[in-house]
Amino acid sequence: MCLMNRRIILLTQFILSFGGGMSNIALLTLITKWFVSANYVGLYSFCLFVPRVLLATYIGGQVDRSKDLKRTLLFSMGWTVLFMLIMTSSVILEVKHFWWLVMWALFYEVASSYYYPCLTKLLVVLFERSELSKLNASLSTAVTSANLFSGSVVTVAIGFVSLGVFLAIDLSLYLVGLVLFFALKVETKSSAETPSEPPASLWNGVKVVKSLLKENHYVAPIFYIALIFNIVLAPQSVYFAELANNVFHDLKLLGLCNTLFVSGFLLGSLFYRVVDVRLKTHEYIIWALVLVPLAFGLIGAPARWSVYGGIVLLGFAIPLYNISTRLILQTKVSKETVATVSNSYYALLNATQPIGLLGFPYLISLWGIGSVLLGSAALLGLLTLGVVISRQISAELDI
């Protein structure tokens, strides 16, 4: 049963990520094309970000309280399919109203926000602690392999295929993933195992994370560092759109930029899976912090080869940090509250993203993409240097 569940989760993750990767590139291209400004990409990303943060603790609490995780997952996926259908129809019919797209994207975001806390809970319930490192790396590999494949498909086909077709494919694949999850074997919980009260607000989420950082003080530095890094990393889609549209003057290169990024992400995920415990968790985090500023410096350089290389390096660095953080939460938090704590953690971690999503497009319009990227590289580099020299990344993070 354990092996079958593993295969279902990995296969479904690949299928959903493949379709999601295509539709994401298609939507970003569509918004840039229809509304002729990278600012709309940032605004769109910001609008989707808000419910993700405000509802994260509530959704995590509902998942932890659920007596039937499988039913909760399938129910949320069913609503997601409905909102995907409306968005796909709107694009195919060329309903060129920005706020109309945002409204249905918001509904989609809320419905789909149950997926990852359900998946997080399922991993710690269904699998042994010793399996989690490679399983998380395998999931990351599945996601990035799918994104790489989808990015390549979009890059090749975008010149002669309607953007609505990519959203229709995503919808069809999501339905396949929904059917696959029906075969998942999950035991239902008894009432005694269900937490009595889910934190129902963002403020309660702050309390949850504060308690986590107090009980596990060595987690605090990686949390606060990530708050700062996320400001710079949040408008990634804006950077790629700006590079493709205003630096290289070819909007089709947006797909190439995404493909290069997920190629690096795939390499980083594979590296984590192969190396595994030969590097400690805190060492993966240190390497990620060193590589991100270097990547921004390369992307901000004028040479095209440097930009492409920097995008790959940025993709490589992020899974080193992400997988490590996921493992820390899965192994340091009890099974009964892991969805609430994880969702609250990431909600607060991402709370600084609006600064980047709204502020960086404005800075780019003032100073240009190159100056913003090089300035960010310098600031992140100084922060990393201070953290590494002061040994803030503790070996206590190791699982």
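Here the residue numbering is sequential within each chain, running from 1 through the sequence in written order. Confidence filtering applies because this is a predicted model: local features only for residues at pLDDT of at least 70, side-chain atom pairs given and counted only at 80 or more, and all residues used for totals across whole chains, interfaces and linings. As a rule here, side-chain values cover all heavy atoms of the structure and leave hydrogens and water aside.

Examining the overall build of the protein chain
Each helix and strand counted, the protein chain has 17 helices and zero strands in total. We compute the radius of gyration over the C-alpha atoms and compare it with the globule rule, which gives 2.2 Å times the number of residues raised to the power 0.38. Taken against the 2.2 N^0.38 rule, which gives 21 Å for 399 residues, the C-alpha radius of gyration of the protein chain at 20 Å falls within 12% of a compact globule. With the principal axes as the frame, the protein chain shows a C-alpha extent of 60 × 55 × 40 Å. Note on exposure labels: buried denotes an accessible area under 20% of the residue type's maximum, exposed denotes more than 50%, and partly exposed covers the range between, all computed with a 1.4 Å probe on protein chains only. Taking all 399 residues of the protein chain together, 57% fall into the buried category. Strands here mean DSSP runs of E at least two residues long; helices mean DSSP runs of H or I at least four residues long; both are numbered from the N terminus.

Topic: the packing of aromatic side chains
Pairs were defined over the aromatic rings of Phe, Tyr and Trp, the Trp ring being its six-membered one, requiring ring centres within 6.5 Å. Orientation was assigned from the angle between planes: stacked under 30 degrees, edge-to-face over 60, tilted for the rest. All chains considered together, the criterion is met by 23 aromatic pairs. Through successive ring pairs, a cluster of aromatic residues spans Phe75, Trp79, Phe83, Trp100, Trp104 and Phe107.

Here's the deal with unusual backbone geometry
Note: most residues except glycine have negative phi, and most peptide bonds are trans. The backbone of Glu94 shows a phi angle near 55°, a positive value even though the residue is not glycine. A positive phi angle, near 55°, is found at Arg391, a position not held by glycine. Relative to the helices and strands, Arg391 resides in the segment after helix 17 (369–389). With relative accessibility at 74%, the residue Arg391 sits in the exposed group.

Details of the layout of surface pockets
Using protein atoms alone on a 1 Å grid, points that fit a 1.4 Å probe yet trap it form a cavity, whereas open point sets bounded by protein on both sides within 12 Å along at least five of seven lines form a pocket; residues with an atom within 4 Å of a point count as lining. Grid points are joined across faces, edges and corners, and a volume is the space filled by probe spheres set on the points. Its volume calculated, the second largest pocket comes out at about 290 Å³. Sorting the residues of the lining of the second largest pocket by element identifies helix 1 (2–35), helix 4 (69–92) and helix 8 (163–181) as the ones contributing at least two each. Of all the elements, helix 1 adds the most residues to the lining of the second largest pocket, at four residues.

Focus: helix 10 (residues 220–233)
In an α-helix there are 3.6 residues to a turn, and that puts residues three or four apart on one side. Taking 1.5 Å per residue as the helical rise, helix 10 with its 14 residues ought to reach 20 Å, and the 20 Å between its terminal C-alpha atoms agrees with that figure. What is called the bend at a residue is the angle between a pair of axes, fitted to the seven residues leading up to and ending at it and to the seven starting from it. For helix 10, the principal kink sits at Leu227 and spans about 25°. For helix 10, a buried count of twelve out of 14 residues is recorded, marking the element as mostly surrounded by other parts of the structure. By this rule, a helix spans an expected 1.5 Å times one less than how many residues it contains.

Notes on the pattern of salt bridges
The rule for a salt bridge is simple: a side-chain nitrogen of Lys or Arg has to be within 4 Å of a carboxyl oxygen of Asp or Glu. Tallying each qualifying case throughout the model produces one salt bridge. The salt bridge involving Lys121 is made with Asp64; its shortest N-O contact spans 2.7 Å. In this pair, Lys121 is assigned in helix 6 (residues 115–126) and Asp64 in helix 3 (residues 56–65), connecting sequence segments 57 residues apart. Exposure class is identical for Lys121 and Asp64. Each is buried.

Here's the deal with the packing of helix 4 against helix 6
Interaxial angle, 0 to 180 degrees, is taken between N-to-C directions of lines fitted to C-alpha atoms, where a helix line uses only the stretch in contact. Running from N to C, helix 4 and helix 6 cross one another at 160°; their axes reach a closest spacing of 10 Å. When the axes of helix 4 and helix 6 are compared, the pair comes out roughly antiparallel. Of the two elements, helix 4 crosses helix 6, and the hand of that crossing is left-handed. Across from Leu69, Thr72 and Leu73 in helix 4, the residues of helix 6 making contact are Tyr115, Cys118, Lys121 and Leu122. Any angle that is under 35 degrees is reported as roughly parallel, and any over 145 degrees as roughly antiparallel; angles of 65 to 115 degrees are reported as roughly perpendicular and all others as oblique. In this scheme, a crossing is called left-handed if the near helix is turned counterclockwise away from the far one by less than a right angle; it is called right-handed if the turn is clockwise. Whether two residues touch is decided by their heavy atoms; if any such pair falls within 4.5 Å, the residues are in contact.

What about the packing of helix 13 (residues 281–299) against helix 17?
Where helix 13 meets helix 17, the axes come as close as 8 Å, and the angle between the chain directions of the two elements is 160°. Overall, the two elements helix 13 and helix 17 adopt an arrangement that is roughly antiparallel. Crossing of helix 13 against helix 17: the hand is left-handed. In contact with Ile286, Leu289, Val290, Val292, Pro293, Phe296, Gly297 and Ile299 of helix 13, helix 17 contributes Leu373, Leu374, Ser376, Ala377, Leu380, Gly381, Thr384, Val387 and Val388. When residues are sorted by character, Ala, Val, Leu, Ile, Met, Phe, Trp, Tyr, Cys and Pro go into the nonpolar class, Asp, Glu, Lys and Arg into the charged class, and all the rest, Gly among them, into the polar class. Residues belonging to the contact of helix 13 with helix 17 are distributed by class as follows: 13 nonpolar, four polar and no charged.

Some details on helix 15 (residues 338–349)
The terminal C-alpha atoms of helix 15 lie 16 Å apart, and with twelve residues this matches the ideal 16 Å at 1.5 Å per residue to within 8%. For helix 15, the tally of buried residues reaches eleven of twelve residues, placing the bulk of the element in the interior. Considered for burial, the residues of helix 15 that qualify are Val338, Ala339, Thr340, Val341, Ser342, Asn343, Ser344, Tyr345, Ala347, Leu348 and Leu349.

Structural notes on the side chain of Ser113
Locating Ser113 in the fold gives a position in the loop between helix 5 (98–112) and helix 6. Separated by 2.5 Å, the side chain of Ser113 and the backbone oxygen of Glu109 make a polar contact. Here a polar contact is taken to be a pair of N or O atoms separated by no more than 3.5 Å, where protein atoms must pair a possible hydrogen donor with a possible acceptor and residues adjacent in sequence count only if both atoms sit in side chains.

Observations regarding the environment of Thr259
Within the element layout of this structure, Thr259 appears in helix 12 (residues 253–275). For the pair Thr259 and Asn147, spaced 112 residues apart in the sequence, the C-alpha separation amounts to 7.4 Å.

Re a nonpolar patch on the surface
On the surface, Phe75, Trp79 and Leu82 cluster together into a nonpolar patch covering about 340 Å² of accessible area. By secondary structure assignment, the location of Phe75 is in helix 4. Here the term patch refers to residues with relative accessible area over 30% and no salt bridge, with like charges joined within 9 Å and nonpolar side chains (Val, Leu, Ile, Met, Phe, Trp, Tyr) within 5 Å. Each accessible area value is a Shrake-Rupley result obtained with a 1.4 Å probe; residue values ignore everything except the protein chains displayed when judging cover.

What to know about the confidence of the model for the protein chain
When the pLDDT values of the protein chain are averaged, the result is 86; 95% of them are 70 or greater. pLDDT expresses, on a scale from 0 to 100, how confident the predictor is about each individual residue. Mean pLDDT in the protein chain bottoms out at helix 2 (residues 38–54), which sits at 76, and peaks at helix 13, which reaches 95.

Examining the environment of Tyr284
Relative to the helices and strands, Tyr284 is located in helix 13. Judged by its relative accessible area of 2%, Tyr284 is buried. Considered as a pair, Tyr284 and Tyr321 are 37 residues apart in the sequence and their alpha carbons are 6.6 Å apart.

Things to note about the environment of Ser334
Along the chain, Ser334 falls in the loop between helix 14 (304–332) and helix 15. C-alpha of Ser334 to C-alpha of Ile25: the two residues are 309 residues apart in sequence and 37 Å apart in space.

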